[in-house]
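# Structural features, examined
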Amino acid sequence: MTDKKHITVTVLGSTGSVGKQVLASIDKYPDRFKVVGLSAFTNEKLLRDQIDKYAPKHYYYPAGGVEIQSSLFDFLDDEKFSSKCVGSLEELAEYPCDILVSAVSGIAGLWAAVATLKRGGILAIANKETIVCAGRHLKALEKKYGGKILPLDTEHSAIQQCLAGEDEKYVKNVILTASGGALRDLPVEKLAKVTAKDALNHPVWNMGKKVTIDSATLFNKGLEVIEAMHLFSLPPEKIKVVMHRESIIHGMAEFSDGSVKALLSVPSMSLAIESALFYPHKAKDSVPELDLAKIGELNFSAPDTERYPCLALAMKAARMGEGACIALSAADEVLVDAFLNGSLRFNDIPTTLEKVLAKFGKVKEAALEDIYGIDAEARKYTYSVGVK
Ligand code: MG
């Protein structure tokens, strides 16, 4: 709810890596933003601390209400005790707020994203799987109800900024950059022996576990290709990927005249987060000044398909259709989980994904209501063929 003084923000997934960074950005501007909704999946302790700190109107925690810590003085503060636990993420998203940040992981964020757009709200979204599985529907809802989708992913945020004010008929391609992840310099023949610990050691970005593993396989970039296709309403062949190890250029747009616009900054999630929170304005000093003279050189190369078979698989899914994209995204959640638990080898991720693709490639377009079903079926299938 806009209380005139503040821009009100709900953060879904507030105890995760992106959620915490969003709250850190909000903390920089206490006079501008007010947190009115929070949700967490498992980290009850941190959620409790956050409720204590922000006193949101509503929150969601799957296990139910959390006990709020109180000191003697808190009894003077009514707000602190009025935070109400709601029944679902979707219900939380239905409550009015100026910006809903979806930083949950996985397809669990789908209906909350839909609910936000159905009330014409601003959806700042880091929840990749939801865009991958339902991007076409989200764009249609954005248009129908007059809301706005603002990607929180660095690459898409950058591309959206490069495209701002440009006529879509002149857009030739958009280009996503990829750092290459934790294993980029490891000889390809050693990939078979990689452990979760090796793959979690990302050279540039400090992110959640799932996305860090997905960066090591470059599946993450494949998901981003599918996301870009939906977010910018472009066919898959107009979305390119280039390796760029310094992560200074985050995204580019190429136009019919051959010109290319790029967005550069010191690598930090803060820029994408604050670009969304301040949209259409800009924040002050979201990231430190970029000193190109000091950086000296920027490197680019084509993705190595032998090292990163998952990228090619995701790009293939993008061309195949929505059934393939939904199934691949679901299967990858299962496989990454199994890899993190030590019950799957690194190289089994792409080989299993390939089987999933062969099985689920037929559905060209999936209705919103069918997404969970395809997702569940793909998980079941993945267990049966990939995870022992
Ligand atoms: Mg990214």
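Each chain has its residues counted from 1, running along the sequence as written. Owing to the predicted nature of the model, reporting of local features is limited to residues with pLDDT of at least 70; listing and counting of side-chain atom pairs is limited to 80 or more, with chain, interface and lining totals taken over all residues. Heavy atoms from the whole structure form the basis of all side-chain values; hydrogens and water molecules are not counted.

### Observations regarding the nonpolar core
- Judged by nonpolar contacts, the single largest core of 92 residues is most densely connected at Phe346, Ile349 and Leu353.
- Residue contributions to this core peak at 12 residues, all from helix α13 (residues 322–340).
- Beyond its immediate stretch of four places on either side in the chain, leucine 353 contacts Phe219, Cys310, Leu313, Leu328, Ala331, Asp332 and Leu335.
- Residues grouped as a nonpolar core are buried Ala, Val, Leu, Ile, Met, Phe, Trp, Tyr and Cys residues, joined through side-chain atoms within 4.5 Å. Per-residue accessibility, obtained with a 1.4 Å probe over protein chains only, is compared with the maximum for each type, and a residue is labelled buried under 20%, exposed over 50%, and partly exposed between these values. Judged by nonpolar contacts, the second largest core, of 27 residues, contains Val9, Val22, Tyr54 and Tyr61. In this text, helices come from DSSP runs of H or I with a minimum length of four residues, and strands from runs of E with a minimum of two, each type numbered from the N-terminal end. When checking whether two residues touch, look at their non-hydrogen atoms; a contact exists if any pair is within 4.5 Å.

### Things to note about the coordination of the magnesium ion
- A 2.8 Å cut-off from the metal defines N, O and S donors, relaxed to 3.2 Å for Na, K and Ca; water is not in the atom list, so some sites may appear incomplete. Distances from the magnesium ion to its protein donors, Asp153 (OD), Glu155 (OE) and Glu224 (OE), fall at 2.1 to 2.2 Å.
- Each donor residue of the magnesium ion belongs to the same chain, with the gaps between them written as D-x1-E-x68-E. This pair shows no difference in class: aspartate 153 is buried, exactly as glutamate 155 is.

### Comments concerning the pattern of salt bridges
- In what follows, salt bridge is the name for a side-chain nitrogen of Lys or Arg lying within 4 Å of a carboxyl oxygen of Asp or Glu. A full pass over the atoms with the stated rule returns 23 salt bridges.
- For glutamate 155, the salt bridge is made with lysine 221, and the minimal N-O distance between the two is 2.7 Å. Of the two residues, glutamate 155 sits in helix α6 (residues 154–163) while lysine 221 sits in helix α9 (residues 219–231), which places them 66 residues apart along the sequence. Here glutamate 155 matches lysine 221 in class, with each residue buried.
- Within this structure, Lys128, Asp153, Glu155, Lys221, Glu224 and Glu227 form a network of salt bridges that share partners.

### A few points about the domain arrangement of the chain
- Looking at the assigned domains, one finds that the chain contains domain 1 (7–151), domain 2 (156–269 + 289–306) and domain 3 (321–388).
- Measuring from the centre of the C-alpha atoms in domain 1 to the corresponding centre in domain 2 gives 27 Å.
- Taken together, the contacts link 14 residues of domain 1 with 17 residues of domain 2.
- Defined here as a combined quantity, buried area equals the accessible surface (1.4 Å probe) lost by two parts on assembly, summed across both. Between domain 1 and domain 2, roughly 1300 Å² of surface is buried when both sides are summed, and carbon and sulfur atoms account for 62% of that area.
- Where domain 1 meets domain 2, there are 3 salt bridges.
- Where lysine 210 meets glutamate 129, a salt bridge forms, and the shortest distance between an N and an O atom there is 3.4 Å.
- Polar contacts here mean pairs of N or O atoms no more than 3.5 Å apart (in protein, one a potential hydrogen donor and the other a potential acceptor; neighbouring residues in sequence count only if both atoms are side-chain atoms). Joining domain 1 to domain 2, the criterion identifies 6 residue pairs in polar contact (both at pLDDT 80 or more). Just so you know, the domain bounds were taken from an automatic or database domain assignment.

### What to know about the state of the cysteines
- Here, two cysteine sulfur atoms that lie within 2.5 Å of each other are counted as a disulfide. Summed over the entire model, instances satisfying the criterion amount to 0 disulfides.
- Of the cysteine sulfurs around cysteine 85, a residue in no disulfide, the closest is that of cysteine 97, at 17 Å.
- On the basis of relative accessible area, cysteine 85 is assigned to the partly exposed category, the value being 25%.

### Details of the pairing of strand β10 (residues 249–255)
- Among the 7 residues of β10, 7 are classified as buried, and the element is accordingly described as predominantly covered.
- Note: two strands are recorded as paired if DSSP finds a minimum of 2 bridges between them. Summarising the sheet, strand β8 (residues 171–178) and β10 pair through 5 bridges and their orientation is antiparallel. Residue pairing across strands places valine 174 opposite alanine 253, the latter belonging to β10.
- As paired strands, β10 and strand β11 (residues 260–264) are joined by 5 bridges and run antiparallel to one another. Residue pairing for β11: methionine 252 is matched across the bridge by alanine 262.
- Counting the residues in the hairpin turn of β10 and β11 gives 4 residues, including glycine 258, whose phi is positive at 95°.

### Remarks on the side chain of serine 157
- Of note, serine 157 is situated in helix α6.
- When sequence neighbours within four positions are dropped, the list of residues in contact with serine 157 reads Pro151, Ala272 and Ser275.

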